[in-house]
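Letter by letter, the chains look like this.
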Amino acid sequence: MLRRAVIPTSIVIASILFCLIAGEMVSRWLPMSKQHAVVLAKLSEQADHGSIDASPLGWKGIERTVDGVASRLLIVGDSFTEGVGVRDEALYTSQLALELQTGLSSYAGRGYGTLQELFALRKLLSQSRPNLVIIQACSNDLINNSLELEQRSYFQNAFQFRPYLEMNQVLLHYPSPFGGLRPLVERHSVFGWYLFSKLDLFAVNLVRAGWLTSVEAEIYRNGADWPPFNRAVLTTEQILRRMKDEIGDIPTFIFVADDVEPNRQAIEAAAIRVGFVVLAGVADQVRKSDTPGFRPYLPDKVHWSERGHALVGKILAEQIRTECRRLQTKCVPNLNPTRLPPEMP
């Protein structure tokens, strides 16, 4: 009886192993192997699980500077500040530096959470002391700041090692339900990486079909009182306080680039409790400007086009001037509106 069970089981196991080996051999000869090489390069840049010394940012962002001698503005952010698909000179950061007549340094990375922005901030502060700091936040920061939430997200999961603040310690984790198994497989197997990428796409399609639930829907359904959401807000506030400690008495403004609730309100409330000045309503003004004659968004309907960046630069400049007057500090050299060049068509 036992022998009858062992033989079919052995055949099944052998068949699975054969398929995996054959899939791996074929995958290494197909174009997907070049895509895997890119993924492997990203993984090799990151530190081993649990260590923060080798790669505190998790993955590299983009650092930019705009020359200026009168003062210096410092900005950290995510993909909105990195400028997905937008020329450097058309970014809102460049528009803002021109409007305020100030030098500027920025560091931003696609998919960055608040903790990664903290490390970027430390990098920039070590190079120069600015007159003004701006933190560009995003509603998905609350998810990216929480391993608990990011593991349950099918839309805001970077699937890369990322630093998380846990019990006042910074640790690198891979936000996958498979834990460290996935990056281990992806490092050594083209076919394994391919299977995981297709599994991700399959899961997204299941969410859209209503067969799976992503954490974004859970947040929307349960609201701001949902315990996992509250824990993410608390963690985000702790990170913002660390930012405040690094920045000291330099005037600091923060704005949320999108308008997803209750995330945006929670981030703004945490920033106010820490002592930052919130530049509110930026995303709302961009949304209202979206007309057939003015398209402020890229085709993804999330990130800003060049026109959107120009608009955001103007909105921020106006609010910064207002707040600098209210604070009775000349945190930028030009507190009067500047005539900008005509927008690009």
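Residues numbered from 1 in each chain as written. Predicted model: local features only at pLDDT ≥ 70, side-chain atom pairs only at ≥ 80, totals over all residues. Heavy atoms only, no water.

Scanning the chain for helices and strands turns up 14 helices and eight strands. Among the 345 residues that make up the chain, the fraction classed as buried is 50%. Across the chain, contacts joining residues at least 24 apart in sequence account for 74% of those joining residues at least 6 apart. About 17500 Å² of surface is accessible on the chain, with carbon and sulfur atoms providing 59% of the total. (Helix = DSSP H or I, 4+ residues; strand = E, 2+ residues; numbered from the N terminus. Buried < 20%, exposed > 50% of the residue type's maximum accessible area, 1.4 Å probe, protein only. Contact = heavy atoms within 4.5 Å. Areas by Shrake-Rupley, 256 points an atom, 1.4 Å probe, with all protein chains shown as cover.)

The subject of this paragraph is the nonpolar core. Leu-240, Ile-254 and Phe-276 are the most contacted members of the largest nonpolar core, which totals 40 residues. Those elements that provide at least two residues to this core are β2 (72–77), α5 (114–125), β4 (132–137), α6 (141–144), α10 (215–222), α11 (227–247), β7 (252–256) and α12 (263–274). If one sorts the elements of this core by residue count, α11 sits on top with seven residues. The residues touching Ile-254, leaving out its near neighbours within four places in the chain, are Ile-135, Ala-137, Leu-240, Ala-271, Phe-276, Val-277, Val-278 and Leu-279. With 28 residues, the next largest nonpolar core counts Phe-80, Phe-255, Val-277 and Ile-320 among its residues. (Core = buried A, V, L, I, M, F, W, Y, C linked by side-chain atoms within 4.5 Å.)

A separate point is the confidence of the model for the chain. For the chain, mean pLDDT is 82; residues scoring 70 or higher make up 77% of the total. The low-confidence segment residues 46–54, where pLDDT is below 50, has 20 contacts with residues more than four positions distant or belonging to other chains. Here residues 338–345 is a poorly scored stretch, pLDDT under 50, and it has 16 contacts once near neighbours within four places are set aside; other chains count. (pLDDT = per-residue confidence, 0-100.)

All told, the structure shown has five aromatic pairs when counted by the stated rule. Residues Tyr-92 and Phe-255 carry aromatic rings whose centres are separated by 5.8 Å and whose planes lie at 90° to one another, so their mutual orientation is edge-to-face. Taken together, the residues span a long stretch of sequence, with Tyr-92 in helix α4 (residues 92–100) and Phe-255 in strand β7 at a distance of 163 residues. With a relative accessible area of 0%, Tyr-92 lands in the buried category. Note on Phe-255: relative accessible area 0%, which makes it buried. Among the aromatic residues, those joined into a cluster by ring pairs are Phe-80, Tyr-92, Phe-255 and Trp-304. (Phe/Tyr/Trp six-rings, centres within 6.5 Å; stacked < 30°, edge-to-face > 60°.)

How two helices pack is summed up by the angle between their axes together with the distance between the axes. The N-to-C vectors of α11 and α12 enclose an angle of 40°; their axes lie 9 Å apart at closest approach. Taken together, the axes of α11 and α12 are oblique relative to one another. For the pair α11 and α12, the sense of crossing is right-handed. Judged by residue contacts, Phe-229, Val-233, Glu-237, Leu-240, Arg-241 and Lys-244 of α11 engage Asn-263, Ala-266, Ala-270, Ala-271, Arg-273 and Val-274 from α12. Here the contact of α11 with α12 is built from residues that sort into seven nonpolar, one polar and four charged. (Axes fitted to C-alpha atoms, helices over the stretch in contact; angles between N-to-C directions. Parallel < 35°, antiparallel > 145°, perpendicular 65-115°, else oblique. Left-handed = near helix turned anticlockwise from the far one by under 90°. Nonpolar A, V, L, I, M, F, W, Y, C, P; charged D, E, K, R; others polar.)

Burial within strand β5 (residues 162–166) is extensive, with four of its five residues counted as buried. Between β5 and strand β6 (residues 169–173), which follow one another and run antiparallel, lie two residues, and Met-167 among them has a positive phi close to 55°. (Pairing = 2+ DSSP bridges.)

If you trace the six strands from one edge of the open sheet to the other, you get β1-β3-β2-β4-β7-β8, paired in mixed fashion. Both edges of this open sheet fall to β1 (62–66) and β8 (277–278), since each of them pairs with a single strand only. Alignment of β7 against β8, held across two bridges, turns out to be parallel. What sits directly across from Phe-253, in β8, is Val-277. Sheet strands touched by α12: β4, β7 and β8. Its angle to β7, the strand with the most contacts, is close to 170°. With respect to the sheet, helix α14 (residues 306–327) is in contact with β4, β7 and β8, its orientation differing from that of β7 by roughly 145°.

Quick look at a nonpolar patch on the surface now. A surface patch of nonpolar side chains, amounting to about 480 Å² of accessible area, comprises Phe-178, Leu-181, Leu-184, Leu-199 and Phe-202. Put simply, the parts of the chain that give the nonpolar patch at least two residues each are α8 (181–188) and α9 (190–209). Residue placement: Phe-202 occurs in helix α9. (Patch = residues over 30% accessible without salt bridge, like charges linked within 9 Å, V, L, I, M, F, W, Y side chains within 5 Å. Salt bridge = Lys/Arg side-chain N within 4 Å of Asp/Glu carboxyl O.)

What follows is about the side chain of Arg-64. Tracing the backbone through its elements, the reader meets Arg-64 in strand β1. At 3.0 Å, the side chain of Arg-64 forms a polar contact with the side chain of Asp-88. Arg-64 has contacts with Thr-81, Glu-82, Asp-88, Leu-91, Leu-104, Ser-105 and Ser-106, leaving out every residue within four places of it along the chain. (Polar contact = N/O pair within 3.5 Å; in protein donor to acceptor, adjacent residues only side chain to side chain.)

With 22 residues, α14 extends 31 Å between its outermost C-alpha atoms, agreeing within 8% with the 32 Å of an ideal straight helix rising 1.5 Å per residue. Looking one or two places after α14, you find Gln-328, whose phi comes out positive at around 55°. (Expected span 1.5 Å × (residues − 1).)

On to the packing of helix α13 (residues 282–289) against α14, then. Remark: α13 packs on α14, axes separated minimally by 10 Å, with the N-to-C direction vectors making an angle of 140°. In terms of their interaxial angle, α13 and α14 are classed as oblique. Regarding α13 and α14, the two cross each other, and that crossing is right-handed. Of the residues in α14, those in contact with Val-282, Gln-285, Val-286 and Ser-289 of α13 are Leu-311, Val-312, Ile-315, Leu-316 and Gln-319. Among the residues forming the contact of α13 with α14, the class breakdown is six nonpolar, three polar and no charged.

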